[in-house]
Amino acid sequence: QVQLVESGGGSVTPGGSLRLSCAASGFSLDDYVLGWFRKAPGKEREGVSCSSRGGGSTFYADSAKGRFTVSRDDAKNTMYLEMNSLKPEDTAVYYCAADLSGGRGCLVGYDGGMDTWGKGTLVTVSL
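The structure displayed is predicted, hence computed values, not measured ones.

(A) Representation of the pattern of salt bridges within the structure. Tallying each qualifying case throughout the model produces 7 salt bridges. Notably, a salt bridge pairs Asp30 with Arg72, separated by 2.8 Å at the nearest N-O pair. Of this pair, Asp30 sits in the loop between strand S3 (18–25) and strand S4 (33–39) while Arg72 sits in strand S7 (residues 68–73); the two residues are 42 residues apart in sequence, bridging distant segments of the chain. We classify Asp30 as partly exposed; its relative accessible area is 29%. Put simply, Asp111 and Arg45 hold a salt bridge, and the shortest N to O gap is 2.5 Å. One end of the pair, Asp111, is in the loop between strand S9 (92–99) and strand S10 (116–117); the other, Arg45, is in the loop between S4 and strand S5 (46–51), and 66 residues separate them in sequence. On the basis of relative accessibility, which here comes to 29%, the residue Asp111 falls in the partly exposed class. The class of Arg45 is partly exposed, set by a relative accessible area of 40%. Among the charged side chains, a network of salt bridges with common partners joins Arg38, Glu46, Arg67 and Asp90.

About the cut-offs
Residues numbered from 1 in each chain as written. Predicted model: local features only at pLDDT ≥ 70, side-chain atom pairs only at ≥ 80, totals over all residues. Heavy atoms only, no water. Salt bridge = Lys/Arg side-chain N within 4 Å of Asp/Glu carboxyl O. Helix = DSSP H or I, 4+ residues; strand = E, 2+ residues; numbered from the N terminus. Buried < 20%, exposed > 50% of the residue type's maximum accessible area, 1.4 Å probe, protein only.

By themselves, these figures tell us nothing about what the structure is for.
As structure tokens, then:
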């Protein structure tokens, strides 16, 4: 059974950090294009990052560059999103996704090829 489960969300003050996890079951994250997305209250879902198959290259949204870092632990079949210098505008439900169709394109924010999604984890950044 194919599944993605996010965890690690929570409440943090501006400037703080959080590390989100995305645990995969039923398939290997190493074989597919992967992405992180987020949806803020009242706003459309937007891309945070996109990682090529095997994790050789990762691209970030302008809002995330220099602050967020994607990594992966193949032994645990888990992908991570390290978020630093968090801002109130980072408040959102964060989702991880995978393109199990075997697509090779990797564009931040493009979710057309992402056919497998987690249910999300909430990140709240406020005073």
